[in-house]
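Observations on the three-dimensional arrangement
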Amino acid sequence: MRTLFLTAVVASMMASSSSFAAQPSSWPDTPIARVSALAVLQSLNADLLSHDSATLTLDRWCSDHKLADHAKIVAEPVKGVDKPATAEIRAALKVGEADKVGYRRVRLMCGERVLSDADNWYVPSRLTADMNKALETTDAAFGRVVKPLNFQRHTLSAKLLWQPLPEGWDMGAAIPAASDKALELPDHVIEHKALLSLPDGAPISMVVESYTRHVLDFAPPTVK
């Protein structure tokens, strides 16, 4: 029943997609808005899980929800941040202690909106010289830079960081009553951890992506 209900909500939202506004809309704190928010987040989560490139998935999300005039994700580097690869990360990337592991902390931007904060550890020796130069000197997103390698994405973990509905809502637990306030969203709503590898199985990157509340920066759908 839960799946059918959320599917119906998503279908209604898709039908009214032309009315989505490119504005940081406040979602009302109502039961139907909470259900809609959960359906949207589960839809985005499923889309991310079913594609190898989070960058290209966010390109579509940015475009479909009219979050920017130029719907192309840009990776804004965060300067002054360094997180050396841990033993666990090196083991996942199948590199030794002496092997170089690059690191990028970026904000994946849709226009002026930050849709994801991402930590990325990668193996320069498994990329081309041009790819390494682009990663070091430009704001190109990792997924777009390494796309010619036909990499594959292997999800290690995926979780919703925010639950708009209380635990057990689908079994009759009370949903909060409507209020006259806006729905309060945390800074981050979804987190994914994934390993990217070449077609031969050699890992090239470990990523931890935290998707922000700005993925919901459009007018809530009208569900009739």
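We now turn to the structure provided with this report. Remember, predicted model here, so these are calculated numbers, not experimental data.

Time to look at the sheet that holds strand E4 (residues 152–160). With respect to topology, six strands assemble into an open sheet ordered E1-E2-E3-E6-E5-E4, the strand pairing being antiparallel. Each edge of the open sheet carries a strand with a single partner, namely strand E1 (74–77) and E4. Between one strand and the next, the sheet's axes are offset by a mean angle of 25 degrees, whatever the strand orientation. Sheet analysis places strand E3 (residues 113–122) next to strand E6 (residues 203–212), joined by seven bridges and oriented antiparallel.

Tallied over the entire structure, the rule returns eleven salt bridges. Here Arg 107 ties to Glu 76 by a salt bridge, and the two come within 3.0 Å at their closest N and O atoms. With a gap of 31 residues between them, Arg 107 in strand E2 (residues 102–110) and Glu 76 in strand E1 connect regions that are remote in the sequence. Here Asp 119 ties to Lys 83 by a salt bridge, and the two come within 3.2 Å at their closest N and O atoms. On the criterion of sequence distance, the pair formed by Asp 119 in strand E3 and Lys 83 in the loop between E1 and helix H4 (87–93) is long-range, its members being 36 residues apart. For Asp 119, a relative accessible area of 7% translates into the label buried. Owing to a relative accessible area of 36%, Lys 83 belongs among the partly exposed residues under this scheme.

For Lys 94, which is not glycine, the phi torsion reads 60 degrees and is therefore positive. Summarising the element assignment, Lys 94 is placed in the loop between H4 and E2. At Asn 150, a residue that is not glycine, the phi angle is positive and equals roughly 55 degrees. Among the structural elements, Asn 150 can be located in the loop between helix H6 (142–145) and E4.

Before going further, it helps to spend a moment on the state of the cysteines. Covalently bonding the sulfur atom of one cysteine to the sulfur atom of another cysteine gives a disulfide. Considering all chains together, one arrives at one disulfide under this definition. Put simply, Cys 62 and Cys 110 are joined by a disulfide, and their sulfur atoms are 1.9 Å apart. In this structure the cystine formed by Cys 62 and Cys 110 twists about its S-S bond by roughly 65 degrees; its chirality is therefore right-handed. Of this pair, Cys 62 sits in helix H3 (residues 54–64) while Cys 110 sits in strand E2, and the two are 48 residues apart along the sequence. Residue classification places Cys 110 among the buried positions, given a relative accessible area of 0%.

Turning our eyes to something else, we now look at the side chain of Ser 116. Within the fold, Ser 116 resides in strand E3. Ignoring any residue separated from it by four or fewer positions in sequence, one finds Ser 116 in contact with Leu 58, Val 106, Arg 107, Leu 108, Glu 209, Ser 210, Tyr 211 and Thr 212.

Taken across its ten residues, E6 has nine buried, putting it largely inside the fold. Bridging between strand E5 (residues 188–197) and E6 involves nine bridges; their strand directions are antiparallel. Paired with Ile 190 across the bridge in E6 is Tyr 211. In this antiparallel pair of consecutive strands, E5 and E6, the connection spans five residues, and Gly 201 shows a positive phi of 100 degrees.

Okay, the pairing of E2 next. The element E2 is extensively covered by neighbouring structure, given that seven of its nine residues are classed as buried. Note that E1 and E2 share four bridges and pair antiparallel. Counted as the bridge partner of Val 74 is Met 109 from E2. Looking at chain direction, E2 and E3 are connected through nine bridges and run antiparallel. Of the residues in E3, the one forming a bridge with Tyr 103 is Trp 121.

Cut-offs and rules
Residues numbered from 1 in each chain as written. Predicted model: local features only at pLDDT ≥ 70, side-chain atom pairs only at ≥ 80, totals over all residues. Heavy atoms only, no water. Pairing = 2+ DSSP bridges. Helix = DSSP H or I, 4+ residues; strand = E, 2+ residues; numbered from the N terminus. Axes fitted to C-alpha atoms, helices over the stretch in contact; angles between N-to-C directions. Salt bridge = Lys/Arg side-chain N within 4 Å of Asp/Glu carboxyl O. Buried < 20%, exposed > 50% of the residue type's maximum accessible area, 1.4 Å probe, protein only. Disulfide = S-S within 2.5 Å. Contact = heavy atoms within 4.5 Å.

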